[in-house]
Amino acid sequence: MTYETILVEQRDAVTLITLNRPQALNALNGQVLSDLSAAFAAYDADPTQHCAVLTGSEKAFAAGADIKEMVDKDGADFFLQDFFSGWQTHVVATRKPWIAAVAGFALGGGCELAMMADFIIAADTAKFGQPEIKLGVAPGMGGSQRLTRAVGKAKAMDMCLTGRMMGAEEAERSGLVSRIVPAADLLDDALKTAAAIAAMPPMAAMVNKEMVNIAFETGLAQGLLTERRMFQILTATEDKKEGMTAFVEKRPGVWKGR
Ligand code: HXC
């Protein structure tokens, strides 16, 4: 399948999705949402694919929601279209793991899109920010919520109220990104990490993802109970039997994905 605003390729069990609107620094418009929704749905449905990487260009992961698309809309348009809701229902809803590999600007919706990933690997050139306040608005795709959960109230307030950018070092220190790599190594590193995840028992990967996400959405007692139940459910899979037997027999596991 070909898309207007993204490039998609499969590298063994890893799907690589590249935002491709260089003339607009990968600003996120309706077409990007529609393309990404289709690409993530295809990835989720493809039994040969077990991890995905979403990346942008050297200059910009994405410079935000498309301001030119929003400038002439009025409040009723945004409300009636439930603007931005598709990101939650189509992108965040992806059940299999995916990584954001971020170089350059990840601003506004770009930062929010990166935070929808299971984790972010940042190039040393990455710059994160929620500059919506400078446009007279506020984050609308999760920025005030996911950023606060990732970096805490003090940094999130600082970022949202000043609209300033945070470099890769500060982002790693603050817990926004899992690691920093030299820009030239970003894609290689992200693809290697994705390949390592893709080599894991696939149901276990999906459940691990779901469980960490549940930690953000529920209280500790409910989260611990859900974790225990999910663990118990995974013990019923063929891959659990294979994984534990393979360990005892000192050989690598061969996964069935069920
Ligand atoms: C539409 C954008 C864009 C955006 C950049 N471009 N960001 N178009 N929406 N978010 C376009 C520019 O208009 C320009 O096109 C081209 O990309 C190159 O950008 P320049 O500004 O010339 O590049 P540079 O001088 O290097 O500056 C880079 C930048 C700046 C610092 C990232 O582009 C910038 O500040 N962009 C806006 C960042 C932002 O405010 N993001 C949040 C958006 S709001 P032309 O055709 O003019 O050459 C959001 C959520 C809103 O994300 C939620 C509220 C409802």
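The model shown is predicted, which means the values in this text are computed figures rather than measured ones.

## Here's the deal with the overall build of the chain
Scanning the chain from terminus to terminus reveals twelve helices and ten strands. Taken over C-alpha atoms, the radius of gyration comes to 19 Å for the chain, in line with the 18 Å a tight globule of 258 residues would show. Principal-axis analysis of the C-alpha atoms gives the chain an extent of 60 × 45 × 40 Å. Evaluated residue by residue, the chain yields a buried proportion of 43% over its 258 residues. A separation of at least 24 residues holds for 65% of the contacts in the chain among residues at least 6 apart in sequence. Accessible surface for the chain amounts to roughly 13600 Å². Of this, 59% is attributable to carbon and sulfur atoms. Computing the positive centroid from 26 side-chain charges and the negative centroid from 31, the chain places the two 6 Å apart.

## Topic: the sheet that holds strand β9 (residues 165-167)
Pairing is mixed in the open sheet, where four strands are placed in the order β4-β6-β8-β9. Strands with a single pairing partner mark the edges of an open sheet, and in this sheet they are β4 (60-62) and β9. Averaged over neighbouring strand pairs, the angle between their axes works out to 20 degrees when direction is ignored. Pairing of strand β8 (residues 127-129) with β9, which is carried by three bridges, proceeds in the antiparallel orientation. Counterpart to phenylalanine 128 in the pairing with β9 is methionine 166. The sheet strands contacting helix α5 (residues 109-116) are β4, β6 (105-107) and β8, and the helix crosses β6 at an angle near 95 degrees.

## As for the sheet that holds strand β1 (residues 6-11)
Pairing within the open sheet is mixed, and its six strands lie in the order β1-β2-β3-β5-β7-β10. Looking along the sheet, the strands with just one partner apiece sit at the ends: β1 and β10 (179-181). Averaged over all adjacent pairs, the angle separating strand axes in this sheet is 20 degrees, with direction ignored. Relative to β10, strand β7 (residues 119-123) runs parallel, the two sharing three bridges. Its bridge partner lying in β10, alanine 123 is registered against valine 181. On top of the sheet, helix α1 (residues 30-45) reaches β1, β2 (14-19), β3 (51-55) and β5 (98-102); it is set at about 175 degrees to β2, its chief contact.

## A short note on the domain arrangement of the chain
As far as domains go, the chain holds domain 1 (6-199) and domain 2 (202-249). Between the C-alpha centres of domain 1 and domain 2 the distance comes to 26 Å. Each partner contributes to the interface: domain 1 provides eight residues, whereas domain 2 provides six residues. Between domain 1 and domain 2, roughly 660 Å² of surface is buried when both sides are summed, and carbon and sulfur atoms account for 59% of that area. For the domain 1 face of the interface with domain 2, the top three residues by lost area are Arg95, Asp118 and Arg149, together amounting to 57%. Measuring nitrogen to oxygen at the nearest pair gives 3.1 Å for the salt bridge that ties aspartate 118 to lysine 209. Counting the contacts that link domain 1 with domain 2 gives four residue pairs in polar contact (both at pLDDT 80 or more). In terms of residue class, the side of domain 1 that touches domain 2 is made up of two nonpolar, two polar and four charged.

Thresholds, definitions, all that
- Position numbers for residues start from 1 in each chain and track the written sequence from start to end.
- Whole-chain, interface and lining totals are the exception, using all residues; otherwise, since this is a predicted model, local features are given only for residues with pLDDT of at least 70 and side-chain atom pairs are given and counted only at 80 or more.
- With hydrogens and water set aside, each side-chain value is computed from the structure's full complement of heavy atoms.
- Put simply, DSSP H or I for four residues or longer makes a helix, DSSP E for two residues or longer makes a strand, and each gets a number counted from the N terminus.
- Every radius of gyration here is taken over C-alpha atoms, with the globule rule written as 2.2 Å times N^0.38, N being the number of residues.
- Relative accessibility under 20% of the residue-type maximum defines a buried residue, over 50% an exposed one, and the middle range a partly exposed one, all with a 1.4 Å probe and only protein chains included.
- Any two residues having at least one pair of non-hydrogen atoms within 4.5 Å are treated as being in contact.
- Note on areas: Shrake-Rupley, 1.4 Å probe, and residue coverage restricted to the protein chains presented here.
- Under the convention used here, Asp and Glu are negative, Lys and Arg are positive, and both His and the chain ends fall outside the count.
- To locate a charge, take NZ of a lysine, CZ of an arginine, CG of an aspartate or CD of a glutamate.
- Pairing between two strands requires that DSSP report at least two bridges joining them.
- Angular values range over 0 to 180 degrees, each being the angle between N-to-C directions of two axes fitted as lines to C-alpha atoms, with helices fitted over their stretch in contact.
- An automatic or database domain assignment is the source of the domain bounds shown.
- Accessible surface is computed with a 1.4 Å probe, and the buried area is the amount of it that two parts give up when combined, taken over both parts together.
- One side-chain nitrogen of Lys or Arg within 4 Å of one carboxyl oxygen of Asp or Glu is enough to make a salt bridge.
- Polar contacts here mean pairs of N or O atoms no more than 3.5 Å apart (in protein, one a potential hydrogen donor and the other a potential acceptor; neighbouring residues in sequence count only if both atoms are side-chain atoms).
- Under the scheme applied here, ten amino acids are nonpolar (Ala, Val, Leu, Ile, Met, Phe, Trp, Tyr, Cys and Pro), four are charged (Asp, Glu, Lys and Arg), and all others, including Gly, are polar.

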